[in-house]
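Single-letter residue listing:
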Amino acid sequence: MHYRKMAYCTRCTYPFVAVNLSVDEEGICAACRTAEQFEQLTPEFWERRRITFERIVSEIRSNNTSDYDCLIPVSGGKDSYYQAHVMVAEYGLKPLLVTYHGNNYLPEGDFNRDRMRDVFGCDHLVMGPSVEVLKKLNRLCFRKMGDMNWHAHCGIMTYPVRAAVQNKIPLMIWGEIAWDISGMFEPDDFVEFSARVRHEHALRGYEWYDLVGDPREPLTEKDMNWAKYPSDDEILKVGVRGLYIGNFFKWDPYAHTKLVEEKYGWKRSAKPFERTYRTASNLDDRYENGIHDLLKFVKFGYGRASDHASKDIRTGYMTRENGVEMVKKYDHVVSSDLAYWLDYVGMSEDEFWATADKFRDPRVWTIQNGLWWKDNIWGAPASYGAPNLSAEARKKYQMAS
């Protein structure tokens, strides 16, 4: 059996093919090194960060002429509740809550989102594109980039900024820094929300105009008005800045979940997920822990359990040995929400796999004896179903004997 050997971080469960990941001479990934720096920070450090946060917030608010003290992009998840808790309960501010609704909520996610304006006493603006537009975008973006959830990444990173400009609110409060996934920045970088990160990372380099005029999934400019990011002049006129409170307060999702459950009655998923062991993440989108994440496994050979285990290893909630077991149990699972999505968008399972297989990374996958094969973190290769590709397309996945 010939297959491509995959290398993994010696501390967490990430493969070296993970997007934006670098590895040092000890075989430890940049995400683990960044987490190591954060874990070594003292309470005194975080107290200084809190003071810095208060100073920056005060400076921004001094130029605020709107009816709100700040704007918080929220989904209704545990992080959203924690963001609102900090700004409302701890600082006594009056935020405008803003939600992009992608029509994918789980029942617990609906419950949590709709209670926010009650438990926090806030105005809450919820916007969702038409269901027909969403179905077209699901199909189009899946075929175009292997990501049926592009609309959600775009909406989450675009509509709150539009709302901040329209309501003249200069201060936006985001939650967890996303850089721990790849170790892109260090604790002292004080990274803020930027149009560049939105475009290059969240939106995969695509914008609304790249999706208009497709002959198979016709969309107009008016269908995509919600996806238009404000101009630099519009943002600068209001002075909009997006702060990540994860840069200023020690981020512990388990502690935050416990806090919002006890104080606000926040609900985690009643049913376990099929592709990960956590039950408190991504309740705003049934596909994030399901087939959207399955496509990451199809492309790069790792999934949500690898993400969650790596984070929990870095923060001491899990050993690497246990993390490998979670990866082995969950990462490959074809979750039942695939059938739900296929029915939602009107696509056959044959078309789904024929499309998904086109996005497989040849650094990870090989075709041997009519099956997909890849190396695994537990030290043994395994097969993962039959390919749905033409004979010509299969060539780049075949290795010489």
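What counts and how
Residues numbered from 1 in each chain as written. Predicted model: local features only at pLDDT ≥ 70, side-chain atom pairs only at ≥ 80, totals over all residues. Heavy atoms only, no water. Helix = DSSP H or I, 4+ residues; strand = E, 2+ residues; numbered from the N terminus. Rg over C-alpha atoms; globule rule 2.2 N^0.38 Å. Buried < 20%, exposed > 50% of the residue type's maximum accessible area, 1.4 Å probe, protein only. Pairing = 2+ DSSP bridges. Contact = heavy atoms within 4.5 Å. Phe/Tyr/Trp six-rings, centres within 6.5 Å; stacked < 30°, edge-to-face > 60°. Lys NZ or Arg CZ within 6 Å of the ring centre and 35° of its normal. Core = buried A, V, L, I, M, F, W, Y, C linked by side-chain atoms within 4.5 Å. Axes fitted to C-alpha atoms, helices over the stretch in contact; angles between N-to-C directions. Parallel < 35°, antiparallel > 145°, perpendicular 65-115°, else oblique. Nonpolar A, V, L, I, M, F, W, Y, C, P; charged D, E, K, R; others polar. Expected span 1.5 Å × (residues − 1). Arc of directions from axis to C-beta. 1 Å grid on protein atoms, 1.4 Å probe; cavity = no way out; pocket = protein on both sides within 12 Å on 5 of 7 lines; lining within 4 Å. Points joined across faces, edges and corners; volume = space filled by probe spheres on them. Polar contact = N/O pair within 3.5 Å; in protein donor to acceptor, adjacent residues only side chain to side chain.

How should the overall build of the chain be read in this particular structure?
Within the chain, the regular secondary structure consists of 15 helices and eight strands. Relative to the globule expectation of 21 Å for 401 residues, the C-alpha radius of gyration of the chain, 22 Å, shows essentially globular dimensions. In terms of its C-alpha atoms, the chain occupies a principal-axis envelope of roughly 70 × 50 × 40 Å. With 401 residues in all, the chain has 56% of them scored as buried.

I tried to follow the pairing of strand β1 (residues 70-73) on my own but got confused; where do I start?
Consecutive side chains along a regular strand alternate between the two faces of the sheet. Here β1 shows a buried face lined by C70 and I72 and a second buried face lined by L71 and P73. Strand direction decides the pairing type here: β1 and strand β2 (residues 95-100), joined by four bridges, are parallel. Across the sheet, residue L71 finds its bridge partner in β2, namely L96.

What exactly am I supposed to notice about the environment of N112 here?
Relative to the assigned elements, N112 resides in helix α4 (residues 107-119). Exposure remark for N112: the relative accessible area of 0% places this residue in the buried category. Through-space distance from the C-alpha of N112 to that of Y81 is 8.8 Å; in sequence the pair is 31 residues apart. Residue contacts for N112: discarding those within four places in its chain leaves G76, Y81, W266, K267 and L283.

Help me understand helix α11 (residues 304-314), please; the structure alone is not making it clear to me.
In terms of residue burial, α11 counts as a mostly covered element, since ten of its eleven residues are buried. Within α11 the residues assigned to the buried category are R304, A305, S306, D307, H308, A309, S310, D312, I313 and R314. Two residues or fewer after α11 comes G316, characterised by a positive phi angle close to 85 degrees.

Can you walk me through the packing of aromatic side chains in this structure?
Scanning all chains against the criterion turns up 25 aromatic pairs. When the ring of Y14 is compared with that of Y302, the centres are 5.5 Å apart and the planes differ by 70 degrees; the resulting orientation is edge-to-face. You can see Y14 sitting in the segment before α1 (30-39) and its partner Y302 sitting in the loop between α10 (291-300) and α11, a full 288 residues away along the chain. Summarising the burial analysis for this pair, Y14 and Y302 share the class buried. Ring geometry for F352 against W353: centres 5.1 Å apart, planes inclined by 85 degrees, an arrangement best described as edge-to-face. Three or more aromatic residues link up through ring pairs in this structure, and these residues are F53, Y91, F190, F248 and F249. Against the face of Y340 rests R286, its NZ or CZ located 4.1 Å from the ring centre. Positioned above the aromatic ring of F359 is the side chain of K299, whose terminal nitrogen or guanidinium carbon lies 5.9 Å from the ring centre.

Please clarify how the sheet that holds strand β7 (residues 371-374) should be interpreted in this entry.
Strand pairing within a sheet occurs via backbone hydrogen bonds; the two strands may be parallel or antiparallel. Ordered in space as β6-β7-β8, the three strands form an open sheet in which the pairing is antiparallel. Each edge of the open sheet is held by one strand with a lone partner, namely β6 (366-368) and β8 (382-383). Relative to β7, β6 is paired through three bridges, and the arrangement is antiparallel. Across the sheet, residue Q368 finds its bridge partner in β7, namely L371.

Would you take a moment to explain the nonpolar core for this structure?
General note: in soluble globular proteins, nonpolar side chains tend to be found buried as a group. Counting residues in each nonpolar core, the largest one holds 57 residues, and the members touching the most others are M224, W341 and F352. Ranked by residue count, the leading element in this core is helix α6 (residues 150-166), at eight residues. Not counting residues within four places of it along the chain, the set of residues in contact with F352 comprises F142, M148, L295, L338, W341, L342 and M347. V57, I72, L106 and I245 belong to the second largest nonpolar core, which has 32 residues in total.

Help me understand the packing of helix α13 (residues 337-345) against helix α14 (residues 349-356) in this model?
A pair of packed helices is characterised by two quantities: the angle between their axes and the separation of those axes. It is at 10 Å that the axes of α13 and α14 come closest, and there the two elements cross at 105 degrees. Here α13 is positioned roughly perpendicular relative to α14, judged by the angle of their axes. Across the interface between the two elements, L338, W341 and L342 from α13 touch E349, F352 and W353 from α14. Grouping the amino acids of the contact of α13 with α14 by side-chain chemistry returns five nonpolar, no polar and one charged.

Please clarify how helix α2 (residues 43-61) should be interpreted in this entry.
With 19 residues, α2 extends 27 Å from end C-alpha to end C-alpha; this agrees with the ideal 27 Å at 1.5 Å per step. Every buried residue of α2 is listed here: F45, W46, R49, T52, F53, I56, V57 and I60. Axial view of α2: buried residues confined to an arc of 135 degrees, hence all on one face. Summarising the geometry of α2, the exposed residues directed more than 90 degrees from the buried face are P43 and E44. The inward-facing, buried residues of α2 abut α1, α3 (78-90), β4 (171-174) and β5 (241-244).

So what exactly am I meant to see when it comes to unusual backbone geometry here?
Most of the time, phi is negative for any residue but glycine, and the peptide bond is trans. Positioned with a positive phi, K168 is a non-glycine residue whose angle comes to about 55 degrees. With respect to the helices, strands and loops of the structure, K168 is situated in the loop between α6 and β4.

Help me understand empty space enclosed by the protein, please; the structure alone is not making it clear to me.
Empty space among the atoms can be located by rolling a probe the size of a water molecule over them. Applying the stated criterion to the full structure yields three cavities of 30 Å³ or more. Lining the second largest cavity are 14 residues; nearest its centre among them are G301, V327, D331, K374 and N376. Considered class by class, the residues forming the lining of the second largest cavity number seven nonpolar, five polar and two charged.

Sorry, what's going on with the side chain of T158 here?
Relative to the helices and strands, T158 resides in helix α6. One polar contact links T158 to R198, side chain to side chain, over a distance of 3.0 Å. Discounting chain neighbours no more than four positions away, the residues touching T158 are R198, W226, A227, K228 and Y229.

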